[in-house]
Amino acid sequence: MSDKAAVTGVKTVTGVKTWLTPFNVVSGSIIMAGIVLSILRFTMGLGAVTNLSNDNPWGLWIGFDLLVGVALAAGGYVTSAAVYLLGMKKYHSAVRPAVLTGFLGYALVVFALTYDVGRPWRLPYPFIIQQGTTSLLFEVAGCVALYLTVLFLEFMPAPLEWLGFKKVRELAVRLTLALTVLGVVLSTLHQSSLGALFLVVPSKLHPLWYSPYLPVFFFISSIIAGLSMVIFEGTLSRHYFADKMDAAHLNENEGVTLGFGKAASLVLAGYLTIKVMGIAGGDNWRLLGTSYGLWFLVELLGFVALPSFLYAVGVRNKDLGLIKWTAAWTVLGIVINRLNVCLIAFNWQLPLSQRYFPSWMEIATSVFIVTVGVVVFRFIVTKMPIFYEHPEYKDTH
Amino acid sequence: MSISRRKFLGWIGAAGLGSALGKSAFAAGSKHFEGHPGSLGILHDITQCVGCRSCEAACARENALPVPDKPFKDLSVLEEKRRTTAADYTVVNKYEVPGRKAPLFVKKQCNHCLEPACASVCFVRAFKKTETGAVTYDASVCVGCRYCMVACPFEIPTYEYDEALSPRVMKCTMCYPRIMRGEIPACVEACPKEALTFGKREDLINIARERIRQYPDRYIDHIYGETEMGGTSWLYLSSVPFKEVGMREDLGVTPAPELTSGALSAVPVVVGLWPVLLMGLFAISKRKEIVFREELESVKKAAQPPIKEDI
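Values in this document were obtained by computation on a predicted structure and should not be read as measured data.

A. Main features of the overall build of chain B. Counting secondary structure elements, chain B contains eight helices and nine strands. Here chain B holds 311 residues, and 46% of them are scored as buried. At a minimum sequence separation of 6, the contacts of chain B that also span at least 24 residues come to 60%.

B. Representation of the interface of chain B and chain A within the structure. Each partner contributes to the interface: chain B provides 55 residues, whereas chain A provides 62 residues. Buried area between chain B and chain A, both sides added, is near 4,800 Å², and the carbon and sulfur share of it is 60%. On inspection of chain B and its partner chain A, the count reaches three salt bridges. The partner of E289 of chain B in a salt bridge is K89 of chain A, and the shortest N-O contact between them spans 2.8 Å. Viewed at the interface, chain A and chain B are joined by 32 residue pairs in polar contact (both at pLDDT 80 or more). Of all the secondary structure elements, the ones that give two or more residues to the side of chain B that touches chain A are α3 (117-121), α4 (147-151), β6 (158-159) and α8 (256-303) of chain B. Element by element, the count of residues in the side of chain B that touches chain A is highest for α8 of chain B, at 16 residues.

C. Structural view of helix α12 (residues 214-240) of chain A. In a regular helix each residue adds 1.5 Å, so 27 residues correspond to 39 Å; α12 of chain A covers 37 Å between its end C-alpha atoms and thus fits that length. Most of α12 of chain A sits inside the fold, with 19 of its 27 residues counted as buried.

D. Fine view of the sheet that holds strand β9 (residues 234-237) of chain B. Residue and element names in this part refer to chain B. Spatially, three strands are ordered β8-β1-β9 in an open sheet, and the strand pairing comes out mixed. The two strands at the open ends of the sheet, each matched to only one other strand, are β8 (196-200) and β9. Geometrically, the sheet is characterised by an average inter-axis angle of 25 degrees between neighbouring strands, direction not taken into account. Relative to β8, strand β1 (residues 40-45) runs antiparallel, the two sharing five bridges. Paired with L40 across the bridge in β8 is K200.

E. Representation of the nonpolar core. With 186 residues, the main nonpolar core has F155, L197, F198, L205 and I386 of chain A together with F127 and Y147 of chain B as its most contacted residues. Among the elements that take part in this core, helix α6 (residues 95-116) of chain A stands out by supplying 12 residues, more than any other. Dropping the residues within four chain positions of it, I386 of chain A is found in contact with R96, P97, L100, F155, A158, H249, I380 and V381 of chain A. By size, the runner-up hydrophobic cluster in this structure holds nine residues, among which are L43, I205, Y219 and I223 of chain B.

F. Examining helix α7 (residues 201-214) of chain B more closely. All names here are of chain B. In a regular helix each residue adds 1.5 Å, so 14 residues correspond to 20 Å; α7 covers 20 Å between its end C-alpha atoms and thus fits that length. Listed in full, the buried residues belonging to α7 are R201, L204, I205, A208, R211 and I212. For α7, the angular spread of the buried residues around the axis is 125 degrees, confining them to a single face. Against β1, β8 and β9 lie the buried residues of α7.

G. Expanded view of the packing of aromatic side chains. Counting across every chain of the model gives 26 aromatic pairs over all chains. Consider the rings of F127 of chain B and Y137 of chain B, whose centres lie 5.2 Å apart with planes at 40 degrees: the pair is tilted. Highlighted residues: F127 of chain B in strand β4 (residues 127-129) and Y137 of chain B in strand β5 (residues 135-137), separated in sequence by 10 residues. For F127 of chain B, a relative accessible area of 6% gives the class buried. Accessibility expressed as a relative area gives 21% for Y137 of chain B, which makes it partly exposed. Three or more aromatic residues link up through ring pairs in this structure, and these residues are F42, W61, F111, Y115 and F368 of chain A.

H. A look at the packing of helix α5 (residues 75-85) of chain A against α12 of chain A. All names here are of chain A. Direction vectors running N to C along α5 and α12 enclose 80 degrees, while the axes themselves pass 8 Å from each other. By the angle class used here, α5 and α12 are roughly perpendicular. Facing α5, whose interface residues are G75, Y77, V78 and T79, α12 presents F219, S222, I223, G226, L227 and V230. When the residues that make up the contact of α5 with α12 are grouped by side-chain class, the tally is six nonpolar, four polar and no charged.

I. Main features of unusual backbone geometry. The phi dihedral of D283 of chain A falls on the positive side, at around 50 degrees, and the residue is not glycine. With respect to the secondary-structure elements, D283 of chain A resides in the loop between α13 (247-282) and α14 (291-316). Its identity as a non-glycine residue notwithstanding, M174 of chain B has a phi of 55 degrees, on the positive side. Within the fold, M174 of chain B resides in the loop between β7 (169-170) and α5 (176-180). For M174 of chain B, a relative accessible area of 2% corresponds to the buried category.

The rules behind the values
- Residues numbered from 1 in each chain as written.
- Chains lettered and ligands numbered in written order.
- Predicted model: local features only at pLDDT ≥ 70, side-chain atom pairs only at ≥ 80, totals over all residues.
- Heavy atoms only, no water.
- Helix = DSSP H or I, 4+ residues; strand = E, 2+ residues; numbered from the N terminus.
- Buried < 20%, exposed > 50% of the residue type's maximum accessible area, 1.4 Å probe, protein only.
- Contact = heavy atoms within 4.5 Å.
- Buried area = accessible area lost by both parts, 1.4 Å probe.
- Salt bridge = Lys/Arg side-chain N within 4 Å of Asp/Glu carboxyl O.
- Polar contact = N/O pair within 3.5 Å; in protein donor to acceptor, adjacent residues only side chain to side chain.
- Expected span 1.5 Å × (residues − 1).
- Pairing = 2+ DSSP bridges.
- Axes fitted to C-alpha atoms, helices over the stretch in contact; angles between N-to-C directions.
- Core = buried A, V, L, I, M, F, W, Y, C linked by side-chain atoms within 4.5 Å.
- Arc of directions from axis to C-beta.
- Phe/Tyr/Trp six-rings, centres within 6.5 Å; stacked < 30°, edge-to-face > 60°.
- Parallel < 35°, antiparallel > 145°, perpendicular 65-115°, else oblique.
- Nonpolar A, V, L, I, M, F, W, Y, C, P; charged D, E, K, R; others polar.

Treat this as a map of the structure, not an account of what it does.
And the structure:
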């Protein structure tokens, strides 16, 4: 046997081994199932795969894929604003993973929307055919489209370094400041507008969640989501991709966790305050005793006040483990909040038989979309300089 | 960054032109929209309705809606509370009111708001409040986001969930095509009683007031739709409080667009202020860094013996 053949032989064997990892098997089967569901959705219509109805036109794909997706993708603007605008250089290593997650998050939101809207190929219509400028959804759509572009440009240096396009990369890096400012402006607008979408339905959303402050609530909680996601995701990445991280990334991780934990504690405290002001403003104290009130208190005390306190304790004691668990808890709290506004406290006056609960196919499609995100994230961080600085571009950020 | 005078004047010019051309984005202030003058409406006198479903049949025929499983003559469907669907633009519901011998029947369909929520939230302007009073829908631009259905306080718009490629939002058009031909809406024409009256909205309000004045025992003193959600083109008279016949009395009088105008007017504020504040923060952090470096240098210099340089 010649050397050449031996080498190819070895390659094939290792190839088979690497493909059949647990990760690939699980993600592969989810994606296969997702493809089947996609075919169903686009050949049989929304009625065949979802539990949506005339009373409940928005379901899991809006409540989770859109509202939660956008909130949890807030790490990009929060981190880049802290580093590039407020000069917190010690968090620099957190920027690229956060921007990547943001970019993937928004890309997935748009991807998920093509499942939910009736005629997805018309998604550009509000821009090119007729502009419904009185709609907050128009603002959301415009900002998300622009911000996706901004995140794409912010992310560009990584693939350009990977591909070795030095000149273009330099141009992309030079845009950083302008892109960061634009990113904060667009994020402020659409994060808040997602909450403002519900300003038009005081008669359908439970008064404890309905408030003229909804846009403020959504914006402030997006900062909390962004900070917590950076910690949460950093923890996961450190667990699974430690071999990809350079010394700077590994060393700065502790500082990022402590600093972001402290910021999250403070912002949560502020958020708690304005949420209480929301109850007071609507004079909804008496509603706290109802069953919806108890659920509201679970959200407010369990997922806002408690993590604010735990973050503070974790930072004071330099207890990284506590901070990381608190970050995961806070992320769960954001999920609960968005589902509350969009689904659980929405249509609260309807009898139970007319309420919405997602079908398993809706849940599976959401899982499929998240899985696609994880697979792409994994591909990118194993190929491109995300967790380490490219040796040829050290200190040029 | 340096700004030349020419550039600055250009920006100011563009901003001036932009604000001069657009319509006002602010809540109306002292203005109050009371509907297009002379616009049409329908008065539904609940006390006159016998629940025969003739209006439903006429509506389905006029709009070429699918034939239902049970014929329109079958009144057993009235035993269940129904809502509008993609196959029924209008439904009649029966209400047994405590203390009354005979049940009451109420027709339900799009109320054609004076300032419709569906039109204000549609990001592609598929809905239009026409000068006739009818709120129309243009399926040729609709993306299918269903925000109109979320926003409608009367839960009227419906959706063709089983259409894979061309789902439409379905709702009563007040027979806009017929109105344009000079005819009256099909449901009004079909009504065998005096339960539906078609005419100019302001006339209908006067008729309704007159009925209340003449028969104070028969009617409660409220015209539903006169002020609800800023007013609707459909108006209702009833002998019992409207909430007893399935109509919400807690909707308020604020038109839907006013609920969101505040949030919309925040957009230019954010766009105008954020960049200035953020660049200010950036300048401060940059300045701090420079001062820090300078101080570091001077400390270093002070620590080292001065080196003579040739000039």
